[in-house]
Structure formats: C-alpha cells, structure tokens
Amino acid sequence: MPRDDYVIAVRSYARATVFPLKTYRMLAHNGLTDRLYIFVANAAEKALYEEALRGKEYREIVVGELGGANAIRAICRYFPKGKRIAFMDDDLDRFFDFSRTGAFRSDSDDLARYLEDGFETIDAFGCGAFTF
C-alpha cells in the first residue's frame, strides 16, 4: 500500500495540552504524524492546538464543527469521496500489540502495519470499515 493512501483524522475539543502527550505522542512513536489531520471546533481552539504543537510535525489543523457526530461529518466532508481515513480519539495513551510469538508489547511502534492490513482487508473482502 503506498504511504499516502490514507490519512489519520483526530477530532479534539478542549484538550490542547493533553493531545500532545497522548495520541500525538503515540502517533509520533509510530512515525505517523506526517498523515495527521486534527479537527477542532473553532478558530480559538485551532490557535490553542497550534501553540501546543509548535515545532511538531502534522499535516493540518482544521476547523470542523463542535460535537462528536458533527465533527465526524465535517471530517468526511473535508476529504474527497473514497479517501481512506483512520479515525482516532484524542486521548490514546499508546498502541499495544502482541508479537508473532505472543509477547505483549505495551508501546508498540507497529501501528502502520495494522492500519495498512485493515485497509487491505477492506479491499479483499469488500468491507466498508474496520476497527480495533
């Protein structure tokens, strides 16, 4: 799967100081901040997130809409139809998994492989979405 085939969209509200320590840290640990779009409720929130993420890599901070469902709709409208979007919460501590031998990895750096596998599975079986 080509590296630019999907984006990561995080809707966030009033967590400008928490987001960099949680989901952003996890995405940076996994080398995925180059595809990160952060959706916030208004211009004031955008300014707070820009300050909190100053000097950090991300694609864009987008003013969407307030409210969970409204934010999801704004994300879907923002990207072109057919764009692969991985939706993530703004307060994820880490991504964990199990190695092929069954060993627990509490702060895995293998999230990209799981996302790519999820999108490939959608294609292979004609599914509309995946989650984990």
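In what follows, the accompanying structure is described.

1. Regarding the pattern of salt bridges
On inspection of all chains with the given rule, the structure shows 10 salt bridges. Put simply, aspartate 107 and arginine 25 hold a salt bridge, and the shortest N to O gap is 3.0 Å. Placement of aspartate 107 in the loop between strand 6 (104-105) and helix 4 (111-125) and of arginine 25 in helix 1 (residues 23-29) is noted, with a sequence separation of 82 residues between them. The class for arginine 25 is partly exposed, based on a relative accessible area of 29%. Ionic pairing is found between arginine 54 and glutamate 51, a salt bridge with its closest N-O pair at 2.3 Å. What makes arginine 54 exposed here is its relative accessible area of 61%. By sharing partners, the salt bridges in this structure join Asp97, Arg105, Asp110 and Arg113 into a single network.

2. Overview of the pairing of strand 2 (residues 36-40)
For strand 2, the tally of buried residues reaches 5 of 5 residues, placing the bulk of the element in the interior. Judged by which residues are buried, strand 2 turns out to be covered on both faces: Leu36, Ile38 and Val40 on one side and Tyr37 and Phe39 on the other are all buried. In the sheet, strand 1 (residues 6-11) pairs with strand 2 via 4 bridges, with the strands oriented parallel. Among the inter-strand pairings, arginine 11 is bridged to a residue of strand 2, identified as phenylalanine 39. With helix 1 bridging strand 1 and its parallel neighbour strand 2, the resulting β-α-β unit is right-handed. Across 4 bridges, strand 2 lies against strand 3 (residues 60-63) in parallel orientation. Note that in strand 3 the partner of isoleucine 38 across the bridge is isoleucine 61.

3. Brief notes about the environment of aspartate 117
By the secondary structure assignment, aspartate 117 is in helix 4. The exposure class of aspartate 117 is partly exposed, given its relative accessible area of 46%. Once the C-alpha coordinates of aspartate 117 and phenylalanine 130 are considered, the two residues, 13 residues apart in sequence, prove to be 10.0 Å apart.

4. A closer look at the side chain of aspartate 90
As for its placement among the helices and strands, aspartate 90 is situated in the loop between strand 4 (84-88) and strand 5 (97-98). Here serine 12 takes part through its side chain, which lies 2.7 Å from a polar atom of the side chain of aspartate 90. A distance of 2.5 Å separates a polar atom in the side chain of aspartate 90 from a polar atom in the side chain of arginine 15. Leave out the neighbours within four places in its chain, and aspartate 90 touches Val10, Arg11, Ser12, Tyr13, Arg15, Phe19, Lys22 and Thr23.

About the thresholds
- Each chain has its residues counted from 1, following the order in which its sequence is written.
- The model is predicted, so local features are restricted to residues of pLDDT at least 70 and side-chain atom pairs to those at 80 or more, both for listing and for counting; the totals for chains, interfaces and linings are taken over all residues.
- Computation of side-chain values: all heavy atoms of the structure, hydrogens and water removed.
- Salt bridge, as used here: a side-chain nitrogen of Lys or Arg that lies within 4 Å of a carboxyl oxygen of Asp or Glu.
- Secondary structure elements follow DSSP: runs of H or I no shorter than four residues count as helices, runs of E no shorter than two count as strands, and numbering proceeds from the N terminus.
- The buried label goes to any residue with under 20% of its type's maximum accessible area, the exposed label to any with over 50%, and the partly exposed label to all in between, with areas taken from a 1.4 Å probe on protein chains only.
- In this description, strands pair whenever DSSP reports at least two bridges between them.
- Whether a crossover is right-handed comes down to one check: with the strands pointing away from the viewer, does the path from the first strand over the helix to the second run clockwise; if it does, it is right-handed.
- Whenever two N or O atoms come within 3.5 Å, that pair is a polar contact, provided that in protein one can donate a hydrogen and the other can accept it, and provided that, for residues adjacent in sequence, both atoms are side-chain atoms.
- Residues are treated as being in contact if the distance between any of their heavy atoms lies within 4.5 Å.

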